[in-house]
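# Inside the fold
Residue strings, one per chain:
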Amino acid sequence: MQVKVLFFARLKEQLGCSSLSLELAEGSNTTQLKAEVVSKGEQWTILEEPSVLMAINQQHVSDVKSLANGDEVAFFPPVTGG
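Since the model is a prediction, treat every value here as computed from it, not as a measurement.

The rules behind the values
Residues numbered from 1 in each chain as written. Predicted model: local features only at pLDDT ≥ 70, side-chain atom pairs only at ≥ 80, totals over all residues. Heavy atoms only, no water. Helix = DSSP H or I, 4+ residues; strand = E, 2+ residues; numbered from the N terminus. Contact = heavy atoms within 4.5 Å. Pairing = 2+ DSSP bridges. Axes fitted to C-alpha atoms, helices over the stretch in contact; angles between N-to-C directions. Buried < 20%, exposed > 50% of the residue type's maximum accessible area, 1.4 Å probe, protein only. pLDDT = per-residue confidence, 0-100. Phe/Tyr/Trp six-rings, centres within 6.5 Å; stacked < 30°, edge-to-face > 60°.

### Re the side chain of Thr30
- Assignment of secondary structure puts Thr30 in helix H2 (residues 30-38).
- Sequence-distant contacts of Thr30, defined by excluding residues within four places in its chain, comprise Met54, Ile56, Asp63, Val64, Lys65 and Leu67.

### Observations regarding the sheet that holds strand E3 (residues 53-56)
- Reading across from one edge, E2-E1-E5-E3-E4 is the order of the 5 strands in this open sheet, with mixed pairing throughout. At either margin of the open sheet sits one strand with a lone partner, and together these are strand E2 (19-23) and strand E4 (59-61). Across the sheet, the mean angle from the axis of one strand to that of its neighbour is 30°, orientation sign disregarded.
- As defined by bridge partners, strand E1 (residues 2-7) adjoins E2 across 5 bridges and the pair is classed as antiparallel. Following the sheet pairing, Lys4 is matched in E2 by Ser21.

### Brief notes about the environment of Lys12
- As for its position among the elements, Lys12 is in helix H1 (residues 9-15).
- By relative accessible area, Lys12 is classed as partly exposed at 42%.
- With 65 residues separating them in the primary sequence, Lys12 and Pro77 have C-alpha atoms 10.0 Å apart.
- With near-sequence residues (within four places) excluded, Lys12 lies in contact with Phe7, Cys17 and Ser18.

### A closer look at the confidence of the model for the protein chain
- Looking at the protein chain, pLDDT values average 94 and 96% of them are 70 or higher.
- The weakest mean pLDDT in the protein chain belongs to H1 at 95; the strongest belongs to E1 at 98.

### Concerning the packing of aromatic side chains
- Inspection of the entire model under this criterion finds 2 aromatic pairs.
- On the basis of an interplanar angle of 15° and a centroid distance of 6.1 Å, the ring pair of Phe7 and Phe75 is categorised as stacked. Of the two residues, Phe7 is situated in strand E1 and Phe75 in strand E5 (residues 72-76); the sequence distance between them amounts to 68 residues. Phe75 matches Phe7 in its accessibility class, with the two residues each being buried.
- An aromatic cluster is built from Phe7, Trp44 and Phe75, whose rings are joined through pairwise contacts.

Set out below in structure tokens:
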């Protein structure tokens, strides 16, 4: 299945990348997706920081979720207001 992965704010800057298109096995979940991205190299381990947030199809998720073909997964740093 095909999944689009987006990176925002400082993650985008530090990774030098705003998006990836990944081919994952059917039935994959967010933990497997993150492991696939992190396996790309040392700089990608930033996604393992506890403060990094994730959304699937623009809906914030905080635990392991199943993915479907065509999903859009976004990683972003915490957002503060003021």
